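Results of the structural survey
Spelled out, the chains give:
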Amino acid sequence: MRGKKTSAISAIALTVLLAGCGTQSATTNAPSASPAATGASSAQTTPAAKKVTITAQGFKPDQKEKNDQLDQRIARFKAKNPNVEFKKDDWQYNPLEIGIKMASNSAPTEYTTYATEGKVLVDKKWVADITDSMNAWEHAKDMNDLLSKPFVVNGKTYGVPIDGYVMTITLNKKLFKEKGVELPPMDWTWDDLLAAARKINDPAKGIAGFIPMGKGPEAGWNWTNFLYAAGGDVQKLDGGKVVGIFNSDAGLKALEFYKKLKDENLIPQNWALGYGDALSAFSQGRGAMVMCGSGNAADAAINEGGISKEDMVVYPMPAMTKGGKHTGVLGGNYRVINPKSDKDQQAVAFKWITDEYFTDDFLNSTKKEIEDRKTKNRVYIPQPINYWKDSSDFGKKYTDLLAKYDNVFKYDPQLLSLWDGKPEAQYEAQKYYTEMANVIQKVFTTKDVDLKKTLTDASNKVQSEVFDKVKVE
């Protein structure tokens, strides 16, 4: 999923097409990149003196603000690189469409995808190898190694991270106050989550203690966090074969936790919620807690729901037991290059992708967005994890910039010290999420469901229909 922040529920729904930051990311995952975060180093020289035309990924016509920002960024790039011409394509990445786009040679020169797709896109040869360009880039050493990992395959680099997320749970402190309930400790457990949900839950008023996503692959994406927290995993490589391992004691414990949520009526009556649906319900005060990537839930609640930023707090995923790891799915958004474009186009595309990374242009764009939001009485929700290393000079400049404004949402320092990110499955994660969504729906609808048999049946199906067909090179 993805997890990049968006400014509206509709934008979240558009960018989070399927699960797998996020992401979202971002949300994305959850999530589209800010224009300044999608850019090659201004210190580089244009790779070709001749005219080069590339097709950049844009946004749908109704996303006027994002298109305006993209046009401004194109103008800045062309001022430095007058030999480059741009076309725009508002196609947004979809795993069900990318094969058709590549076969028809109609994919943009560069496009945004998400963490789950790294291995698949590389194996299908639908992304260009950018190792040489990355190695020659002056800022390669400043990139966040953890975020870069999903698109580094067999020692080669195939994508540039835009943003990332570790799954979190956002709490509405206002509902806790109204019920006279203390917030759980940030170093919380599954039992702490259940206890809080029981105290806040008020079905008569349409308020759920906890809002999980129950429709579409995002339901499987959500559940996988509890699989991870219980010490489980999705798959492993065994002799060149992809083997599913989520049918485990950890998987069973995670399903039992979900069944408890449903049996105790702690989730919305209409639990069949997709990503945008769940965040919309939370922003309307119809649930005390919601799970998503990074700050998307806070963004929706504050800027769309009108809830005070002081009433929002972001927690790490709860540990299964006290002292355990707060493990959540790690995902994000990535810019990749179409391998069918020629070498000059690929070189320009890399420059375009990274052009405003580590530059004042990015900081100025962030500053402008913060100030624009302030004039509209809106709050800027930064990402808690970024493409750069926080310890880099640029990371320190970014932190100093945010500290100057009172309309910037702040994360509790404990969040960053407690959370533990575990990357999404690298092979066919979307199809695995989709099958697990079917399992979640069965758990939520069947009173005496046999959890072990249901999990075994799902595992066998994913193995025979999906994992067995993966060719590992």
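The name that an unreviewed UniProt entry assigns to the protein is ABC-type glycerol-3-phosphate transport system substrate-binding protein, with the source organism given as Paenibacillus aceris.

Here's the deal with the overall build of the protein
Helices and strands together make up the secondary structure of the protein, namely 18 helices and 12 strands. Put simply, the protein has 473 residues, and 61% of those count as buried. Here the protein has roughly 18600 Å² of accessible surface; of this, 49% comes from carbon and sulfur atoms.

Here's the deal with the pattern of salt bridges
Across all of its chains, the model carries 26 salt bridges by this definition. Note that E85 is salt-bridged to K51, the shortest N-O span being 3.5 Å. Within this pair, whereas E85 is found in strand β2 (residues 84–89), its partner K51 is found in the loop between α1 (9–15) and β1 (52–57), the two being separated by 34 residues in sequence. Overall, the relative accessible area of 30% leaves E85 in the partly exposed class.

Let's talk about the nonpolar core
Ranked by internal contacts, the top residues of the largest apolar core, which has 106 residues, are Y111, W223 and M289. Counting residues per element, this core draws most heavily on helix α17 (residues 429–445), at 8 residues. Setting aside chain neighbours within four positions, we find Y111 in contact with Q57, W91, Y93, I98, M102, L121, W126, V127, Y334, R335 and V336. Within the second largest apolar cluster, 36 residues are counted, among which are I162, I370, Y387 and L402.

What about a positive patch on the surface?
There is a patch of like positive charges on the surface, built from K124, K431, K469 and K471. Among the secondary structure elements, K431 is positioned in helix α17.

Comments concerning the layout of surface pockets
Considered as a void within the structure, the largest pocket measures approximately 590 Å³ in volume. The wall of the largest pocket is formed by 26 residues, among which P95, V120, K124, E428 and K431 lie closest to the centre. Those elements that provide at least two residues to the lining of the largest pocket are α3 (98–103), α4 (118–123) and α17. It is α17 that provides the largest number of residues to the lining of the largest pocket, a total of 4 residues.

As for helix α11 (residues 275–283)
Across the 9 residues that make up α11, a large majority, 8, are buried. Buried within α11 are the following residues: Y275, G276, A278, L279, S280, A281, F282 and S283. Looking one or two residues beyond α11, the residue adopting positive phi is G285, at roughly 75°.

Some details on helix α15 (residues 393–402)
Here α15 has its buried residues at F394, G395, Y398, L401 and L402. Looking straight down α15, one finds its buried side chains confined to an arc of 120°; they lie on one side. Exposed positions of α15 whose direction lies more than 90 degrees from the buried face are D393, T399 and D400. Elements in contact with the buried residues of α15: α14 (360–375).

A short note on unusual backbone geometry
Unusually for a residue other than glycine, N154 sits at a positive phi of about 50°. Relative to the elements of secondary structure, N154 occurs in the loop between β4 (152–153) and β5 (156–157). Backbone geometry places E428, a non-glycine residue, at a positive phi of 50°. As for its position among the elements, E428 is in the loop between β12 (419–423) and α17.

Quick notes on the environment of E97
Residue placement: E97 occurs in the loop between β2 and α3. For E97, a relative accessible area of 33% translates into the label partly exposed. On a C-alpha basis, the gap between E97 and A107 in space is 9.8 Å, while along the polypeptide they are 10 residues apart. If near-sequence neighbours (up to four positions away) are discounted, E97 is found in contact with W91 and Q92.

Focus on the packing of helix α9 (residues 217–229) against α17
Contact pair α9 / α17: the axes reach a minimum separation of 7 Å and the direction vectors enclose 90°. Here α17 runs roughly perpendicular to α9, going by the angle between their axes. For the pair α9 and α17, the contacting residues are P217, A219, G220, W221, W223, T224 and L227 in the first and Q430, Y432, Y433, T434, M436, A437 and I440 in the second. Class assignment of the residues belonging to the contact of α9 with α17 gives a composition of 10 nonpolar, 4 polar and no charged.

Here we look at the packing of helix α10 (residues 249–263) against α17
Put simply, α10 and α17 touch, their axes get as near as 9 Å, and they point 40° apart. Taken together, α10 and α17 sit at an angle that is classed as oblique. Regarding α10 and α17, the two cross each other, and that crossing is right-handed. Residue-level contacts link L255, Y258, K259 and K262 of α10 to V439, I440, V443 and F444 of α17. Along the lines of polarity and charge, the residues of the contact of α10 with α17 split into 6 nonpolar, no polar and 2 charged.

So, the environment of P82
Mapped onto the elements of the fold, P82 is located in the loop between α2 (64–80) and β2. For the pair P82 and V52, spaced 30 residues apart in sequence, the C-alpha separation works out to 9.7 Å.

Digging into the packing of aromatic side chains
If you walk through the whole model with that rule in mind, you get 34 aromatic pairs. Taking 5.9 Å as the distance between ring centres and 70° as the angle between the ring planes, the aromatic pair formed by W91 and Y111 counts as edge-to-face. With W91 in the loop between β2 and α3 and Y111 in strand β3 (residues 110–114), this pair connects stretches of sequence that are 20 residues apart. Take W91: its relative accessible area is 7%, and that puts it in the buried class. Judged by its relative accessible area of 0%, Y111 falls in the buried class.

Thresholds applied
- Residues numbered from 1 in each chain as written.
- Predicted model: local features only at pLDDT ≥ 70, side-chain atom pairs only at ≥ 80, totals over all residues.
- Heavy atoms only, no water.
- Helix = DSSP H or I, 4+ residues; strand = E, 2+ residues; numbered from the N terminus.
- Buried < 20%, exposed > 50% of the residue type's maximum accessible area, 1.4 Å probe, protein only.
- Areas by Shrake-Rupley, 256 points an atom, 1.4 Å probe, with all protein chains shown as cover.
- Salt bridge = Lys/Arg side-chain N within 4 Å of Asp/Glu carboxyl O.
- Core = buried A, V, L, I, M, F, W, Y, C linked by side-chain atoms within 4.5 Å.
- Contact = heavy atoms within 4.5 Å.
- Patch = residues over 30% accessible without salt bridge, like charges linked within 9 Å, V, L, I, M, F, W, Y side chains within 5 Å.
- Lys, Arg positive; Asp, Glu negative; His and termini not counted.
- Charge placed at Lys NZ, Arg CZ, Asp CG, Glu CD.
- 1 Å grid on protein atoms, 1.4 Å probe; cavity = no way out; pocket = protein on both sides within 12 Å on 5 of 7 lines; lining within 4 Å.
- Points joined across faces, edges and corners; volume = space filled by probe spheres on them.
- Arc of directions from axis to C-beta.
- Axes fitted to C-alpha atoms, helices over the stretch in contact; angles between N-to-C directions.
- Parallel < 35°, antiparallel > 145°, perpendicular 65-115°, else oblique.
- Nonpolar A, V, L, I, M, F, W, Y, C, P; charged D, E, K, R; others polar.
- Left-handed = near helix turned anticlockwise from the far one by under 90°.
- Phe/Tyr/Trp six-rings, centres within 6.5 Å; stacked < 30°, edge-to-face > 60°.

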